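Remarks on the overall topology
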Amino acid sequence: MDNKKIILATIMPLLAMPGCKNVNSVEDQVGDTYKERAESLVAKMTAYEQMNMLVGPGYAMQPDRSFGVNYDALTNLSNDVPGTVGYINGVYNEQTGLDVSAIKLADGPVGIRIEPTREGDSNTYYATAFPVSTLLASTWNPELVEEVGQAIAEEAKEYGLDFWLAPGLNIQRNPLNGRNFEYFSEDPLLSGIMASAQVSGAQSVGVGATIKHFVANNAETSRNTVNNIISPRALREIYLRGFQYAVDNANPWAVMTAMNQVNGHYTGQWKELNTTVLRGEWGFEGMVMSDWSAGDGNYSEMIQSGNDLIEPGGVALAYRYNEIGALEQLKNAYESGELSSETIATSAVRVLTQSLKAPSNQGYQFSNSPDLDDHAALSRMAAGEGVVLLKNNGNTLPISQPDTVASFGIAQVNTLKGGYGSGDVHAAYTVNIGDGLADVFNVDADLKAFYDDFFSANKKETDFYGLSTIIECKEPSLSTAAIERYVANNDVAVITIGRYSLQGRDRTHSAGDFLLSEDEESLIHRVATSAHEKNKKVVVVLNVAGIIEMDSWQENVDAIVLAYMPGQEAGKVVADILSGEVNPSGKLAQTIPVKYSDIPSAANFPGTDTDADGIVDTHFYNEGIYVGYRYFTTFDKPVSYPFGYGLSYTDFEYGSPAMISNTLNTKRLSGKVTFSVQVTNSGEIAGKEVVQLYVAAPSGSVEKPIIELKGFAKTASLEPGESQTLSLDVSAKWLSSFDPASNQWVMEPGVYKAYISNSSDIKDIHPVTFAVKDDIVVSQTMPGALALPKGLTPSDFETSTYTR
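Residues numbered from 1 in each chain as written. Predicted model: local features only at pLDDT ≥ 70, side-chain atom pairs only at ≥ 80, totals over all residues. Heavy atoms only, no water.

**A short note on the packing of aromatic side chains**
Across all of its chains, the model carries 24 aromatic pairs by this definition. Considering the side-chain rings of Phe 214 and Trp 282, the 5.9 Å spacing of their centres and the 70° angle between planes classify their relative orientation as edge-to-face. Of this pair, Phe 214 sits in strand 8 (residues 208–214) while Trp 282 sits in the loop between helix 10 (271–281) and strand 13 (287–289), and the two are 68 residues apart along the sequence. According to the relative accessible area criterion, Phe 214 is buried, its value standing at 0%. Taken together, the ring pairs connect Trp 140, Tyr 629, Phe 643, Tyr 694 and Phe 712 into an aromatic cluster. Across from the ring centre of Tyr 621, 3.8 Å away, lies the NZ or CZ of Arg 173, which sits over that ring. (Phe/Tyr/Trp six-rings, centres within 6.5 Å; stacked < 30°, edge-to-face > 60°. Helix = DSSP H or I, 4+ residues; strand = E, 2+ residues; numbered from the N terminus. Buried < 20%, exposed > 50% of the residue type's maximum accessible area, 1.4 Å probe, protein only. Lys NZ or Arg CZ within 6 Å of the ring centre and 35° of its normal.)

**Re the pattern of salt bridges**
Throughout the structure, instances matching the rule amount to 28 salt bridges. Linking Glu 237 and Arg 233 is a salt bridge whose minimum nitrogen-to-oxygen distance equals 2.8 Å. Pair noted here: Glu 237 and Arg 233 are both in helix 8 (residues 232–239), with a separation of 4 residues, about one helical turn. Given a relative accessible area of 10%, Arg 233 falls into the buried group. Arg 380 is the partner of Asp 576 in a salt bridge, and the nearest nitrogen-oxygen pair spans 2.8 Å. Here Asp 576 is found in helix 20 (residues 570–579), whereas its partner Arg 380 is found in helix 15 (residues 372–386), with 196 residues between them in sequence. Look at Asp 576 and you get buried, because its relative accessible area is 8%. (Salt bridge = Lys/Arg side-chain N within 4 Å of Asp/Glu carboxyl O.)

**Remarks on the packing of helix 15 against helix 20**
Where helix 15 meets helix 20, the axes come as close as 9 Å, and the angle between the chain directions of the two elements is 45°. What the angle tells us is that helix 15 and helix 20 run oblique. The handedness of the crossing between helix 15 and helix 20 comes out as right-handed. In this structure, helix 15 contributes Arg 380, Ala 383 and Gly 384 to the contact, and helix 20 contributes Lys 572, Val 573, Asp 576 and Ile 577. Residues belonging to the contact of helix 15 with helix 20 are distributed by class as follows: 3 nonpolar, 1 polar and 3 charged. (Axes fitted to C-alpha atoms, helices over the stretch in contact; angles between N-to-C directions. Parallel < 35°, antiparallel > 145°, perpendicular 65-115°, else oblique. Left-handed = near helix turned anticlockwise from the far one by under 90°. Contact = heavy atoms within 4.5 Å. Nonpolar A, V, L, I, M, F, W, Y, C, P; charged D, E, K, R; others polar.)

**Overview of unusual backbone geometry**
A cis amide bond links Ala 166 with the next residue in sequence, Pro 167, at an omega value of 10°. Take Pro 167: it is sitting in the loop between strand 7 (163–164) and helix 7 (188–203). Cis geometry marks the peptide bond from Glu 311 to Pro 312; its omega dihedral reads -5°. Located in the positive-phi region is Ser 293, a residue other than glycine, with phi close to 60°. One can find Ser 293 in the loop between strand 13 and helix 11 (299–305). Relative accessible area serves as the criterion here: at 14%, Ser 293 is assigned to the buried category. The phi dihedral of Asn 368 is positive, around 60°, even though this residue is not glycine. Among the secondary structure elements, Asn 368 is positioned in the loop between helix 14 (341–357) and helix 15.

**Description of the packing of helix 6 (residues 142–158) against helix 15**
Two quantities define a packed helix pair, namely the angle between the helix axes and the distance between the axes. Two elements in contact, helix 6 and helix 15, have axes separated by 10 Å at closest approach and are oriented at 150°. As judged from the angle between their axes, helix 6 and helix 15 are roughly antiparallel. Along this stretch, helix 6 crosses helix 15, giving a crossing that reads as left-handed. Facing helix 6, whose interface residues are Leu 144, Glu 147, Val 148, Ala 151, Glu 154 and Glu 155, helix 15 presents Leu 372, His 375, Leu 378, Met 381, Ala 382 and Glu 385. Of the residues assigned to the contact of helix 6 with helix 15, the class counts are 7 nonpolar, 1 polar and 4 charged.

**Some words on the nonpolar core**
Counting 194 residues, the largest nonpolar core has Val 215, Leu 390, Phe 408, Leu 542, Trp 553 and Leu 578 as the members making the most contacts within it. A total of 8 residues in this core trace back to one element, the largest contributor, which is helix 7. Residues within four places of Val 215 in sequence aside, it is in contact with Asn 170, Leu 235, Tyr 239, Leu 240, Phe 243, Ala 258, Asn 260, Val 262, Thr 267 and Leu 273. The next biggest cluster of nonpolar side chains, apart from the first, holds 40 residues, and it includes Leu 41, Val 42, Met 45 and Tyr 299. (Core = buried A, V, L, I, M, F, W, Y, C linked by side-chain atoms within 4.5 Å.)

Geometric descriptors of this kind do not, in isolation, establish any biological role.
Quick look at the structure:
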């Protein structure tokens, strides 16, 4: 290819961009960037055209009195996609030649959410339901998670969509958060790495990714109004850190602010968050959008804060607040001088820069035919790699193929592919666990038919705001005699326990939710008693949205498989694990406590009603930086299963770890420490291992957790006897702590201990040490940014403090 053809191939997407119709030559466009092009186009727009791009079209009352898209307020849309959750207005002006297509936005975190059928159209438009984010994080395999992000974006692109409103990056601070399934982990580094992988995968095919909910959407109760009180250090080190990692490493096209308040400010209206920190300190160059109908209705303040796009816009917002809509309010603020033309233009450039990249403005001809078969296979593989084997006494698993299986539990039929709400995906099918097991094992047909028939006769379906159909079914009553008969007639018993959760509602510390129900307790007890009397084994499969209490019953069973919500291939995924077709390599992305009250945030989750009006309004983050394993390891609290834990069907041996490089010093802020360790498969079958790096920083002017995760790596599939040497890097940036007194991220002097381990339980691990002689100031922050409400200090509400 000659040089001219290379230039043409490179610049063709720019020539296809709106507003490029009068381009005279290829040379005129060489070096032109999306931002430069956006600036040029915005300069041709009126202030009203610019403001129109900053507000979605909203919804309007339809003839059937339902709310639907307000197409009268939607500018320059082509090829609408039923089920699109929102839009970015385009612009069309014959006189000025402006022609920018509207952009289509799609939920959700485990796949593209669109309507699967269309009136007058015999075709179907299903999307792949991938495993939930928690299960993806449990793979500890960012390369695989990147593939998932790419596949989701390919479906979006082939269905004519432009932006994916995911991934979710909120910290799993408390296991009762009803939306934890949409989030990755209790740890900000693991969360940030997984989110970055998904963002990179999605944007590699030209679809925008949106990291959300910025920041501290850690409970669903009163999430649109609650005021989360968080110390600046905890805010930066725990709740913002994953977002910062994703901005630094994946350059997401968009950030979505949260509905809640933090320290007295709605996040979408907080300039210190959206401009001072996000753009000023981190260098974010994308656009910021609001969550749907977020904030207190002050849309001028939203735009001035650096929240560029108000969604969904239009009548929906006016309906909620009983006031004029967002666009009219912006126009009034502009005409009164409250909102400057410069501020409007700045946000318009940010929005347009991202819009120009999107398929609708690149002339992409979508097919409506993504490769769903290939993506189903990827979903199955990703879920299998994330499943966590918690217990396997006496090599109960894998189950031998000749063995017969008695499969108990209604969740084997009422299998959960994912959570309910805006993150639900219209998949073509879900393979339930009972059917998945029956495809592989000789499953007791009479027992399976009993559960199938009971479910058909007793299931209860409830519509959840048109987003999901919640399917519930009680656990059937089986007589002890029937249980003993089924156990006697088979070689192994499998019990499936299910738990759903959903958007807008938190879970509860009650029977049938975080605790087993009375029926579930009875089922496990009676099956286990009968099986063990007959020298047979019992396996429990957890098909759950989030962790549950396990200490009271886990000793009764021989093996426990934590499958979370594995996507549409759920039954096949569980069968793969139980049969040994897949050797489990998942590791916990959160801590499983002995009891709920052991969690420091349990005392006041999901917040308090300070004004006695019956509504939670304030939530004090009392544990400070001691979230998850940071708390349990620092305060030496026993747990059922530690963060990072997971078993395999094989064994691994670690060689002696070594520090192979150290470029840390006070003058080179990009310095890092590199460690290496050899991992050998010392067992009898092939498998993968996750090596985790935890660092204990020296005590100094700021208190620190005993250990923090600072890196990890996953081996390839190692054959028996095969070894692999892994290297793990940790930068000064991620070794530093935030010192609120000096407004600095700093590595303090002293001896640092690095533990290379297979979980956060490092008590038997000998550390590798390295020393820092002087303070290494990694970065400065804006003094006083993200401060607590006036008159409040961390000591007023933080109850978890530690001094070595």
